[in-house]
2 protein chains.
Amino acid sequence: MKAYIPNLSVDCVVFGFDHERLNVMLTKRELLDPITKDVIFIDYTVLGHHVLEGEPIDDAASRVLKHRTGLDHIYLEQFYTFGGLDRMSNEKDQMWTKLKYPMISDHVISVGYYSLVDSFEVKPDDKHENTQWFPVDDLPALGFDHKEMIERALEFLQRKLRREPIGFELLPEKFTISQMQKLYECVFGAKFDRRNFRKKVSQMKYVIPLDEKQKGVAHKPAQVFIFSKDVYYRTKKEKLDFSV
Amino acid sequence: MKAYIPNLSVDCVVFGFDHERLNVMLTKRELLDPITKDVIFIDYTVLGHHVLEGEPIDDAASRVLKHRTGLDHIYLEQFYTFGGLDRMSNEKDQMWTKLKYPMISDHVISVGYYSLVDSFEVKPDDKHENTQWFPVDDLPALGFDHKEMIERALEFLQRKLRREPIGFELLPEKFTISQMQKLYECVFGAKFDRRNFRKKVSQMKYVIPLDEKQKGVAHKPAQVFIFSKDVYYRTKKEKLDFSV
DNA sequence: TTTTGTAAGTGTATTATTTACACATACTAA
DNA sequence: TTAGTATGTGTAAATAATACACTTACAAAA
């Protein structure tokens with residue numbers, strides 16, 4: 001077993017979409033007084049851990065995800081590295097580090113990754129009781145600089161989604177145009193006109209209709225689509241721009 | 001004096017524009033046989049160095065720039081962190097590290113920054129004899145993963161320049177529209193129509209004409225402009241898009 | 001069986017943006 | 001005086017973006 005690099009960690013901002021809102025997976029951090037066992041504070045952080053000696057940072061990020069959520073082979077991309085001294089300037093973070101990880105340097109550089117999953121595939125209850133989904137627009141108290149981290153991850157996601165069809169990572173394999181529109185609206189924090197949105201989608205040859213309809217809904221059932229990565233790479237020239 | 005973090009460095013891709021081409025500042029790396037003094041190889045790298053314990057990584061990047069070029073207070077932005085094991089997979093890089101820095105880990109994570117300067121302000125001769133400008137589209141042999149690093153930095157610059165008026169960092173304080181167009185053409189590797197380009201620029205209220213003309217040119221002298229950061233921030237809503 | 005509620009699905013006209021394109025001008029150097 | 005060179009300018013056509021309203025198919029309730 002290799003040692004952890006004391007100054008270097010990875011943090012994963014895991015985004016999930018539940019067809020209503022865009023969510024982030026957070027893990028609870030609870031500091032108890034070592035003697036009285038009183039709760040000193042409770043807050044949340046994104047999923048992170050230190051990097052091992054000789055471990056590629058991308059692997060470190062996958063490892064963290066796998067370990068903390070059981071998720072494997074999911075969309076994962078680096079977005080920014082946080083390396084200021086003010087990352088731990090908050091008193092509670094200093095207490096936490098001093099009590100829990102006294103041997104760790106007080107200057108940790110953290111490489112930020114973000115990950116995209118269909119939240120229906122990841123229920124927060126299964127064994128990982130300390131992780132939980134929170135809507136990005138209604139976050140709880142966060143540790144370290146993780147508020148800034150999530151904001152930056154979201155900006156990065158927005159810019160990426162403007163250029164590339166990565167939204168499908170947040171949807172189930174089969175989806176409707178309305179689900180897709182809702183997703184784009186959540187990510188961009190904006191409303192789109194339904195007809196114009198559908199016009200745009202119909203130009204994306206890689207969004208392919210199936211001979212299948214929604215079932216069990218109390219309204220006209222929607223047509224079901226899939227995303228084809230293959231077709232996307234073959235027809236890449238098309239510009240994708242969801243500017244609001 | 002604080003110690004260097006053995007696994008963590010910063011690398012700066014310094015871009016300069018000489019009104020003809022986009023250039024990158026590189027430093028020569030020359031490995032001699034310790035006994036025979038024969039040259040084993042010569043190649044080039046971008047400017048980099050290890051991060052100090054307790055040093056914010058942005059400061060480390062500024063420090064490297066200042067130390068290697070004398071430049072201070074110039075445009076500097078982080079773009080990506082390189083942390084694969086294959087960064088040093090090349091044999092010559094391993095030799096170099098073994099001979100020159102035997103105490104340094106063979107797995108170094110490097111935070112990549114890029115910097116923008118007017119190349120006329122930075123002549124490669126002044127005291128820093130080992131640094132030299134090279135056109136981005138005609139680079140010499142590069143050490144480590146620095147080819148990929150420069151490519152990624154350029155992509156990042158392109159995307160940034162599409163959204164924000166940072167091109168002026170690469171131009172002298174006073175410039176002509178043609179110089180500006182040439183710059184955009186170099187960065188994007190594309191040609192633009194002169195009239196359409198000028199139309200776009202004339203919509204940028206933060207590009208301000210002076211009561212001044214070019215002098216000593218063998219053609220109709222061009223009008224001189226300056227960029228106003230102030231006006232830019234006050235009129236930010238405008239969208240800037242130099243998609244080709 | 002009928003009614004009600006709900007989201008799906010569809011086309012056109014208007015406006016804004018992007019593109020393509022050619023000639024007169026002002027200067028230096030020969 | 002002439003030749004050479006980069007500057008400066010406007011319009012028409014094509015494309016892309018926007019705004020906007022009614023019919024349809026289903027489940028659930030009456």
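1. Notes on the overall build of chain A
Here is step 1 of the chain: Of regular secondary structure, chain A possesses six helices and nine strands.
Here is step 2 of the chain: Once the C-alpha set of chain A is aligned to its principal axes, its extents read approximately 65 × 40 × 35 Å.
Here is step 3 of the chain: Here chain A holds 244 residues, and the buried ones make up 49% of them.
Here is step 4 of the chain: Summed over all atoms, the accessible surface of chain A reaches about 13000 Å², with 50% contributed by carbon and sulfur.
Here is step 5 of the chain: Across chain A, the 37 positively charged side chains and the 38 negatively charged ones have centroids separated by 7 Å.

2. Describing the protein's contact with DNA strand D
Residue and element names in this part refer to chain B.
Here is step 1 of the chain: Taken together, 21 residues sit near DNA strand D, with Ser-178, Arg-194, Arg-198, Ala-218 and Gln-223 positioned nearest.
Here is step 2 of the chain: In DNA strand D, the atoms that sit within 4 Å of the protein are 38% sugar and phosphate, with bases accounting for the remainder.
Here is step 3 of the chain: Ser-178 has a polar side-chain atom sitting 2.4 Å from a phosphate oxygen of DNA strand D.
Here is step 4 of the chain: Partitioning the surface near DNA strand D into residue classes produces seven nonpolar, five polar and nine charged.

3. Description of the protein's contact with DNA strand C
Here is step 1 of the chain: The full set close to DNA strand C counts 21 residues, and A:Ser178, A:Arg194, A:Arg198, A:Ala218 and A:His219 are the nearest of them.
Here is step 2 of the chain: With respect to DNA strand C, the backbone of A:Lys220 contributes an N or O atom lying 3.4 Å from a sugar or linking oxygen.
Here is step 3 of the chain: B:Lys199 places a polar side-chain atom, nitrogen or oxygen, 2.8 Å from a base oxygen of DNA strand C.
Here is step 4 of the chain: The element that contributes the greatest number of residues to the surface near DNA strand C is helix H5 (residues 194-203) of chain A, accounting for four residues.
Here is step 5 of the chain: Of the residues assigned to the surface near DNA strand C, the class counts are seven nonpolar, five polar and nine charged.

4. Looking at the interface of chain B and chain A
Here is step 1 of the chain: Chain B puts 21 residues into the contact, and the matching count from chain A is 20 residues.
Here is step 2 of the chain: Buried area between chain B and chain A, summed over both chains or domains, comes out near 1800 Å², and the portion from carbon and sulfur atoms is 57%.
Here is step 3 of the chain: Inspection of the chain B/chain A interface yields zero salt bridges.
Here is step 4 of the chain: On inspection of chain B and its partner chain A, the count reaches seven residue pairs in polar contact (both at pLDDT 80 or more).

5. Notes on the nonpolar core
Residues and elements named next belong to chain B.
Here is step 1 of the chain: By size, the foremost hydrophobic cluster in this structure holds 45 residues, and its most contacted members are Val-13, Phe-15, Phe-79, Tyr-114, Leu-157, Met-180 and Val-207.
Here is step 2 of the chain: Those elements that provide at least two residues to this core are strand E1 (4-17), strand E2 (22-32), strand E5 (75-82), strand E6 (109-118), helix H3 (146-163), helix H4 (177-188), helix H5 (194-203) and helix H6 (229-234).
Here is step 3 of the chain: When residues of this core are assigned to their parent elements, the largest contribution, seven residues, is made by H3.
Here is step 4 of the chain: Shared between two domains, this core takes at least three residues from each, and those domains are domain 1 (4-163) and domain 2 (173-234).

6. What to know about the packing of aromatic side chains
Two numbers describe a pair of aromatic rings. These are the distance of the centres and the angle of the planes.
Residues and elements named next belong to chain A.
Here is step 1 of the chain: Under the criterion given, the structure shown has 36 aromatic pairs over all chains.
Here is step 2 of the chain: Seen from their ring centres, Phe-168 and Phe-175 are 5.3 Å apart, and the 35° between their planes marks the pair as tilted. Phe-175 carries the same exposure label as Phe-168, and that label is buried.
Here is step 3 of the chain: Between Arg-29 and the ring centre of Trp-96, over which it is positioned, the NZ or CZ distance is 5.0 Å.

7. Some points on the environment of B:Val224
Here is step 1 of the chain: Counting through the fold element by element, B:Val224 comes out in strand E9 (residues 223-227).
Here is step 2 of the chain: In this structure B:Val224 touches B:Lys174, B:Phe175, B:Ile208, B:Pro209, B:Leu210, B:Glu212, B:Lys213 and B:Gln214, once residues within four positions along its chain are discounted.

8. Quick look at the relation of the copies chain B and chain A
Here is step 1 of the chain: Overlaying chain B with chain A gives an RMSD of 0.1 Å, the required rotation being 180° about an axis along which the chain moves by 0.0 Å. The superposition of one copy onto the other is thereby described by a two-fold rotation axis.
Here is step 2 of the chain: Of the interface residues in chain B, 95% have counterparts in chain A that sit at the interface too, so the contact is made through matching surfaces.

9. Brief notes about unusual backbone geometry
Residues and elements named next belong to chain A.
Here is step 1 of the chain: Of note in the backbone geometry, His-19 takes a positive phi value of approximately 75° without being a glycine.
Here is step 2 of the chain: In this structure, His-19 sits in the loop between strand E1 (4-17) and strand E2 (22-32).
Here is step 3 of the chain: A positive phi is found at His-73, a non-glycine position, where the angle reads about 55°.
Here is step 4 of the chain: Within the fold, His-73 resides in the loop between helix H1 (57-69) and strand E5 (75-82).
Here is step 5 of the chain: By relative accessible area, which is 79% here, His-73 ends up exposed.

10. Observations regarding the side chain of B:Ser115
All names here are of chain B.
Here is step 1 of the chain: Looking at where Ser-115 falls in the secondary structure, it is placed in strand E6.
Here is step 2 of the chain: Note on Ser-115: relative accessible area 0%, which makes it buried.
Here is step 3 of the chain: Residue contacts for Ser-115: discarding those within four places in its chain leaves Val-13, Val-14, Phe-15, Leu-65, Ile-74, Tyr-75 and Leu-76.

11. A word on the pattern of salt bridges
Close approach of charged atoms allows side chains with opposite charge to pair.
Here is step 1 of the chain: Inspection of every chain in the model, using the stated rule, returns 29 salt bridges over all chains.
Here is step 2 of the chain: Between A:Arg29 and A:Asp93 there is a salt bridge whose closest N-O contact spans 2.5 Å. Within this pair, whereas A:Arg29 is found in strand E2, its partner A:Asp93 is found in helix H2 (residues 91-100), the two being separated by 64 residues in sequence.
Here is step 3 of the chain: Classification of A:Arg29 by relative accessible area gives buried; the value is 3%.
Here is step 4 of the chain: Assessed through its relative accessible area of 1%, A:Asp93 is described here as buried.
Here is step 5 of the chain: Close ionic contact of B:Arg234 with B:Asp230 constitutes a salt bridge, the shortest N to O distance being 4.0 Å. Of this pair, B:Arg234 and B:Asp230 both sit in helix H6, separated by four residues, roughly a single helical turn. With respect to class, B:Arg234 is no different from B:Asp230; both count as exposed.
Here is step 6 of the chain: Beyond isolated ion pairs, a larger network of salt bridges with shared partners links A:Arg29, A:Asp43, A:Lys92 and A:Asp93.

12. Brief notes about the packing of helix H3 (residues 146-163) of chain A against helix H4 (residues 177-188) of chain A
Residues and elements named next belong to chain A.
Here is step 1 of the chain: As a packed pair, H3 and H4 sit with axes 9 Å apart at the nearest point and diverge in direction by 135°. Between H3 and H4, the interaxial angle falls into the category oblique. Where H3 abuts H4, its residues Leu-154, Leu-157, Gln-158, Leu-161 and Arg-162 lie against Tyr-184, Val-187 and Phe-188.
Here is step 2 of the chain: Here the residues of the contact of H3 with H4 sort into six nonpolar, one polar and one charged.

Rules behind the numbers
Residues numbered from 1 in each chain as written. Chains lettered and ligands numbered in written order. Predicted model: local features only at pLDDT ≥ 70, side-chain atom pairs only at ≥ 80, totals over all residues. Heavy atoms only, no water. Helix = DSSP H or I, 4+ residues; strand = E, 2+ residues; numbered from the N terminus. Buried < 20%, exposed > 50% of the residue type's maximum accessible area, 1.4 Å probe, protein only. Areas by Shrake-Rupley, 256 points an atom, 1.4 Å probe, with all protein chains shown as cover. Lys, Arg positive; Asp, Glu negative; His and termini not counted. Charge placed at Lys NZ, Arg CZ, Asp CG, Glu CD. Near = heavy atom within 4 Å. Polar contact = N/O pair within 3.5 Å; in protein donor to acceptor, adjacent residues only side chain to side chain. Nonpolar A, V, L, I, M, F, W, Y, C, P; charged D, E, K, R; others polar. Contact = heavy atoms within 4.5 Å. Buried area = accessible area lost by both parts, 1.4 Å probe. Salt bridge = Lys/Arg side-chain N within 4 Å of Asp/Glu carboxyl O. Core = buried A, V, L, I, M, F, W, Y, C linked by side-chain atoms within 4.5 Å. Domains from an automatic or database assignment. Phe/Tyr/Trp six-rings, centres within 6.5 Å; stacked < 30°, edge-to-face > 60°. Lys NZ or Arg CZ within 6 Å of the ring centre and 35° of its normal. Least-squares fit on C-alpha atoms with pLDDT ≥ 70 in both. Axes fitted to C-alpha atoms, helices over the stretch in contact; angles between N-to-C directions. Parallel < 35°, antiparallel > 145°, perpendicular 65-115°, else oblique.

Honestly, it's all geometry; don't read function into it.
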